[in-house]
Amino acid sequence: MDQIKSLFYDSKLGSILALTTLLTAVFYNLTPFLGIDCWWHMKFGEYFLLNGKPVIHDPFAVQAEPITATYPNLFPGIVMLLIYKNFSFLGLNIFRMVLFILFITILISAVKKNRRHSFFFIQILLLIMAMHGRVILQPDLFNYALFSLWWLLLKQIENRSQIVVPYLFLLLLTEIIWVNTHPLFFYHGLFFAIAYFTLHMVFSGRARFTIKEFLRQTRKEWLCCGLLLVVWPLANPLGLRAFEALLINMLNPRIIPDSCRSTFEIMHLIDFYYYAAVILMALMKRPWLPSTDRKNTFINIALTILLVIPALRYERCLPFLCIHLILWPGSAQPSALVSQSDRLSKIGPVLVMMIAIFMAFDRLFWVSSLLMNSMGIHYRPAFPAGIGINAVAKEENIREIGIIEQLVAAGNCITNELSIGSAAVFHSPDKPFFWYGHAAVMNARADETQYFMTHPLSQTASDILQRHDIRTIVLMDGNQLFFKKYEALKPIMTLVYMDPILSIYRRSDTLSEAQRQKISRFYKTFQPDEPDRLRFKPEEQIDQYLYLWFSAEYTGNNGSRFLNALNGRVSKATIAAFQARMQIFLAASPCRSAILKAPSDGAITSSL
């Protein structure tokens, strides 16, 4: 076999390709801030700092029957809280990117010295594209860096004949952080490590070994397993009860969020095909052949099976399988001899560069979206890279929370949008929502919430509002409910706000004078600003002003200033036609004593 060191294996080129991969990961995620669930995680962290104990029963949703919401994820909640209080949204967004880049850096460092590094850089780039919908600031994002580090530490400890204290210390430190980060630690961390050491123990001895000799040969594995099992209950304030969070969050959810969908349910998304490409490339590499160490090969196959099981059940677990399939062959010792017949050796670096360039265009010009939509494959909504790093993604519903804060008085609320409830936990603590993003709360409140949203005019729905003293109803994409059922709605709830996507109601018997005054102040002072311009397209911005006029008039306030803002942007005939359509609804308003007469042309004056 020729001792040829091709361009594919050149160490200097490897450094260039590693840097290219890292910079591509950075650029690919230079997007507006997206966290969604981060707000209630931050609130749970704040609860621990204020009370000196973690949450066991949920204190933030509308209070009724106790909801067991065991919360061990203290580390992410506290860190995110401190960053937000000191550096606001920009700090959180930078932290989000740093977490993901740390994870990618660990992968790159692990495979860079492999002589087939280009092969693994391609896998990493595909994984970056596959995970673009998962790079959101939630405790899940911590998992991927922690699992990569955990995997490498386990290998370093097992590859040495004696315990190396620094590696063991780092393993235990990682365990302490991880058990306070996410319940998936118990499967992908603790169970994975115990399985890893147990498999090594099973294959370490020979049949003729006595028990004493076996224990002597495997004392390192016994020590590691013992320490891992002892440390985690001591490291988390919940103790053994921290394990309960895994059962609450992952098993038998009544409401299945995107991250808990099965792998088969995301086959319509392009993410699935990127994940599949990473896995297929690993299979093409055939890390089990040729094998001079059958024990390690068998162990890695067994660990792969352990990771396949949750990866098929939960989309959020797919990255763990891909990480393992990259690190298994990628971190192996490079061979001294290189086969000249390796076809990829000549094109590997070129492929890495081509994929990196494609990813740059993909984020700037939506290449994947245009290509895949034509084939019936959907592209998970995302922002183009490099645009709006200081902005906040509309999915955060911060704009909507700001409107709720200004418009309605304190009291219990209900919504059909989980992200609104999640953001309100932190930003509007005096307006607890009936449910939000915590799995325990979703499971406990799923039936009542779904029934209310599907049968809002039923007596049972009215009973739900009364029983839980729910005073505010917040609906996303629910305008048609008002226009179709406005007469039937009046005895139950009264519209107080509407724009193209958001409608807010107050329970009719809670429209006190104080609440009416707050509504009046809102319509005298509210002015759409940057978050509204980011949320709505230009034509939707016109609709927003029209609906604001209607909302103000429906609640008995003067909405002419919103029409004034449209001067020069839309014809007076269009405004008049909209006003005419709204007359029937304004006439039925419980807040108005007479039918509104359409204002004359002179009433529409420029205010901008």
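Given the structure is predicted, the values throughout are model-derived calculations rather than measurements.

Draft legend 1. Looking closely at the overall build of the chain. Secondary structure summary: the chain contains 25 helices and four strands in total. At a minimum sequence separation of 6, the contacts of the chain that also span at least 24 residues come to 74%. A total accessible area of about 26600 Å² is found for the chain, and carbon and sulfur atoms account for 62% of it.

Draft legend 2. Spatial organisation of helix 19 (residues 459-467). Taken residue by residue, helix 19 has Ala461, Ser462, Ile464 and Leu465 as its buried positions. The arc enclosing the buried residues of helix 19, seen along the axis, measures out at 155°, which places them on a common side. Of the exposed residues in helix 19, the ones pointing more than 90 degrees away from its buried face are Gln459 and Arg467. Close packing links the buried residues of helix 19 with helix 18 (439-454), strand 2 (470-476) and strand 4 (502-507). In the stretch just after helix 19, Asp469 is the one whose phi turns positive, near 50°.

Draft legend 3. Molecular detail of the side chain of Thr304. Along the chain, the position of Thr304 falls in helix 12 (residues 294-313). A polar contact of 2.7 Å, which involves the side chain of Thr304, links it to the backbone oxygen of Asn300. Leave out the neighbours within four places in its chain, and Thr304 touches Leu321, His324, Leu325 and Trp328.

Draft legend 4. Inspection of a nonpolar patch on the surface at higher detail. Together, Phe264, Met267, Tyr273, Val308 and Leu312 make up an exposed nonpolar region whose accessible area comes to about 440 Å². Within the secondary structure, Met267 sits in the loop between helix 10 (244-250) and helix 11 (270-285).

Draft legend 5. Structural view of helix 20 (residues 479-489). Along helix 20, the residues that are buried comprise Asn479, Phe482, Phe483, Tyr486 and Leu489. Seen end-on, helix 20 carries its buried residues on one side only, within an arc spanning 135°. Looking at the buried residues of helix 20, the elements they touch are strand 3 (493-498), strand 4, helix 23 (538-554) and helix 25 (572-587).

Draft legend 6. Molecular detail of the sheet that holds strand 2. Pairing in this open sheet of four strands is mixed, and the strands run 1-2-4-3 from one edge to the other. Two strands in the sheet have a free side with no partner beyond their single neighbour: strand 1 (412-415) and strand 3. For this sheet, the mean inter-axis angle between neighbouring strands, taken without regard to orientation, is 25°. In this structure, strand 2 lies alongside strand 4, joined through five bridges in antiparallel fashion. Bridge pairing links Val474 to Ile504 in strand 4.

Draft legend 7. Examining the pattern of salt bridges more closely. Applying the stated rule across the entire model yields 18 salt bridges. For Glu46, the salt bridge identified is with Lys85, shortest N-O distance 3.4 Å. Of this pair, Glu46 sits in helix 2 (residues 38-51) while Lys85 sits in helix 3 (residues 74-111), and the two are 39 residues apart along the sequence. For Glu46, a relative accessible area of 15% gives the class buried. Residue Arg134 is joined to Asp140 by a salt bridge in which the shortest nitrogen-to-oxygen separation is 4.0 Å. The structure contains a network of salt bridges with shared partners spanning Arg399, Glu400, Asp499, Asp532 and Arg535.

Draft legend 8. Quick peek at the pairing of strand 1. Residues of strand 1 alternate between two faces, with Asn412 and Ile414 on one and Cys413 and Thr415 on the opposite face, all of them buried. Here strand 1 runs beside strand 2; their pairing, made up of four bridges, is parallel. Bridging across to strand 2, Cys413 finds its partner in Thr472.

Draft legend 9. Examining the pairing of strand 4 more closely. Counting buried positions over the six residues of strand 4 gives six, a clear majority of the element. With burial as the criterion, each face of strand 4 is covered, one bearing Leu502, Ile504 and Arg506 and the other bearing Ser503, Tyr505 and Arg507. Note that strand 3 and strand 4 share five bridges and pair antiparallel. Counterpart to Met498 in the pairing with strand 4 is Ser503.

Draft legend 10. Structural context of the environment of Pro287. Along the chain, Pro287 turns up in the loop between helix 11 and helix 12. Counting along the chain gives 14 residues from Pro287 to Ile301, while the straight-line C-alpha distance between them is 9.5 Å. For Pro287, the residues in contact, after removing those within four places along its chain, are Ala282, Trp328 and Pro329.

Draft legend 11. Focus on the packing of helix 23 against helix 25. Where helix 23 meets helix 25, the closest approach of the two axes is 11 Å, and the angle between their N-to-C directions is 35°. In terms of crossing hand, the pair formed by helix 23 and helix 25 is right-handed. Here Leu546, Tyr547, Trp549, Phe550, Glu553 and Tyr554 of helix 23 lie close against helix 25, whose contacting residues are Ile575, Phe578, Gln579, Met582, Phe585 and Leu586. Considering only residue class, the contact of helix 23 with helix 25 consists of ten nonpolar, one polar and one charged.

Draft legend 12. Region of interest: the environment of Pro237. With respect to the helices and strands, Pro237 occurs in the loop between helix 9 (219-235) and helix 10. Assessed through its relative accessible area of 46%, Pro237 is described here as partly exposed. Between the C-alpha atoms of Pro237 and Phe48, which are 189 residues apart in sequence, the distance is 9.8 Å.

Draft legend 13. Representation of the confidence of the model for the chain within the structure. Residues of the chain with pLDDT of at least 70 account for 86%, and the chain-wide mean is 85. Within the model, the stretch residues 1-8 combines pLDDT values under 50 with 20 contacts to residues more than four positions away or in other chains. Considering only residues more than four positions removed or in separate chains, one finds that residues 335-341, a stretch of pLDDT under 50, has twelve contacts.

Draft legend 14. View of the nonpolar core. In this structure, Trp39, Phe103, Leu127, Phe482 and Phe550 are the most contacted members of the largest nonpolar core, which totals 171 residues. The dominant element in this core, judged by the number of residues it contributes, is helix 3, at 18 residues. Excluding residues within four positions of it along the chain, Phe103 makes contact with Leu127, Met131, Tyr144, Ala145, Ser148 and Ile323. Core analysis: the second largest hydrophobic core is formed by 19 residues, Trp40, Ile67, Trp435 and Tyr436 among them.

Draft legend 15. Quick look at the environment of Asp37. Tracing the chain through its elements places Asp37 in the loop between helix 1 (11-28) and helix 2. Note: C-alpha distance between Asp37 and Tyr436 (399 residues apart in sequence) is 8.8 Å. Among residues more than four places away in sequence, those in contact with Asp37 are Gln138, Ser422 and Gly437.

Draft legend 16. A look at the packing of aromatic side chains. One pass over the full model with this rule turns up 47 aromatic pairs. With 5.8 Å between their ring centres and 85° between their planes, Tyr547 and Phe578 make a pair best called edge-to-face. In this pair, Tyr547 sits in helix 23 while Phe578 sits in helix 25, placing the two residues 31 residues apart along the sequence. According to the relative accessible area criterion, Tyr547 is buried, its value standing at 18%. The interplanar angle of 80° and the centroid separation of 6.5 Å between the aromatic rings of Phe550 and Phe585 together place this pair among those described as edge-to-face. Pair noted here: Phe550 is in helix 23 and Phe585 is in helix 25, with a separation of 35 residues, a long-range link. Just as Phe550 is buried, Phe585 falls in that class too. One aromatic cluster is present, formed by Phe482, Phe483, Tyr486, Tyr547, Trp549, Phe550, Tyr554, Phe578 and Phe585 through successive ring pairs. The ring of Phe434 carries Arg445 above its face, with NZ or CZ at 4.4 Å from the centroid.

Definitions and cut-offs
Residues numbered from 1 in each chain as written. Predicted model: local features only at pLDDT ≥ 70, side-chain atom pairs only at ≥ 80, totals over all residues. Heavy atoms only, no water. Helix = DSSP H or I, 4+ residues; strand = E, 2+ residues; numbered from the N terminus. Contact = heavy atoms within 4.5 Å. Areas by Shrake-Rupley, 256 points an atom, 1.4 Å probe, with all protein chains shown as cover. Buried < 20%, exposed > 50% of the residue type's maximum accessible area, 1.4 Å probe, protein only. Arc of directions from axis to C-beta. Polar contact = N/O pair within 3.5 Å; in protein donor to acceptor, adjacent residues only side chain to side chain. Patch = residues over 30% accessible without salt bridge, like charges linked within 9 Å, V, L, I, M, F, W, Y side chains within 5 Å. Salt bridge = Lys/Arg side-chain N within 4 Å of Asp/Glu carboxyl O. Pairing = 2+ DSSP bridges. Axes fitted to C-alpha atoms, helices over the stretch in contact; angles between N-to-C directions. Left-handed = near helix turned anticlockwise from the far one by under 90°. Nonpolar A, V, L, I, M, F, W, Y, C, P; charged D, E, K, R; others polar. pLDDT = per-residue confidence, 0-100. Core = buried A, V, L, I, M, F, W, Y, C linked by side-chain atoms within 4.5 Å. Phe/Tyr/Trp six-rings, centres within 6.5 Å; stacked < 30°, edge-to-face > 60°. Lys NZ or Arg CZ within 6 Å of the ring centre and 35° of its normal.

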